[in-house]
Amino acid sequence: SPALCEPLSLLRSQLAALRAQLPAASLRRAWRSLAEALDTWVYESVVRRSAFSAAGAQRFRRDAQALVDSFSGVSASAHTAMRRLHEVAIVFGLPPPARAELLQLASAGAAALSRRRDELGVHALD
């Protein structure tokens, strides 16, 4: 989204500055800590408190990918530190019948939902 352009640009420049100043081990701890904090904040403050239209879900997928991509200058595996956002993007990318199936399974019971989440590779969402 246009509203994220400036914050993501600032994030990328700050991460680049950290990369220039910190030893590799310290940089790894710093970016991972920041990515995990952002994952938690966005998931708790946006995903769990919002209802998404189809267009909103697609915009969220793009925005989440842009956020993960902001860490590409310091790591190729930022998505592992932002697991919930990665998994929300998977769910939002499912066809509507598959999303409806997940909701139906959630009300049917934990075992059925757990099996389907395993099939989809969606484990971090609660």
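Just so we're clear, the structure is a prediction, and the values are computed from it rather than from any experiment.

Visitor: Mind laying out the packing of aromatic side chains, listing which residues take part and the relevant values?
Guide: What describes a pair of aromatic rings is the distance from one ring centre to the other and the angle between the planes of the rings. The final tally for this structure, using the stated rule, is 4 aromatic pairs. Ring geometry for Trp 31 against Phe 71: centres 6.2 Å apart, planes inclined by 55°, an arrangement best described as tilted. In this pair, Trp 31 is assigned in helix H2 (residues 24-47) and Phe 71 in the loop between helix H3 (54-69) and helix H4 (78-81), connecting sequence segments 40 residues apart. Given the relative accessible area of 0%, Phe 71 is considered buried. Each residue in the set Phe 52, Phe 60 and Phe 92 is aromatic and connected to the rest through ring pairs, giving one cluster.

Visitor: Please give an account of the environment of Leu 34 that cites residues and values.
Guide: Within the secondary structure, Leu 34 is located in helix H2. The class for Leu 34 is partly exposed, based on a relative accessible area of 31%. Spatially, the C-alpha atoms of Leu 34 and Ala 81 are 9.0 Å apart, while their sequence positions differ by 47 residues. Each residue touching Leu 34, except ones within four places of it in the same chain, is listed here: Leu 11, Leu 15 and Phe 71.

Reading guide: rules and limits
Residues numbered from 1 in each chain as written. Predicted model: local features only at pLDDT ≥ 70, side-chain atom pairs only at ≥ 80, totals over all residues. Heavy atoms only, no water. Phe/Tyr/Trp six-rings, centres within 6.5 Å; stacked < 30°, edge-to-face > 60°. Helix = DSSP H or I, 4+ residues; strand = E, 2+ residues; numbered from the N terminus. Buried < 20%, exposed > 50% of the residue type's maximum accessible area, 1.4 Å probe, protein only. Contact = heavy atoms within 4.5 Å.

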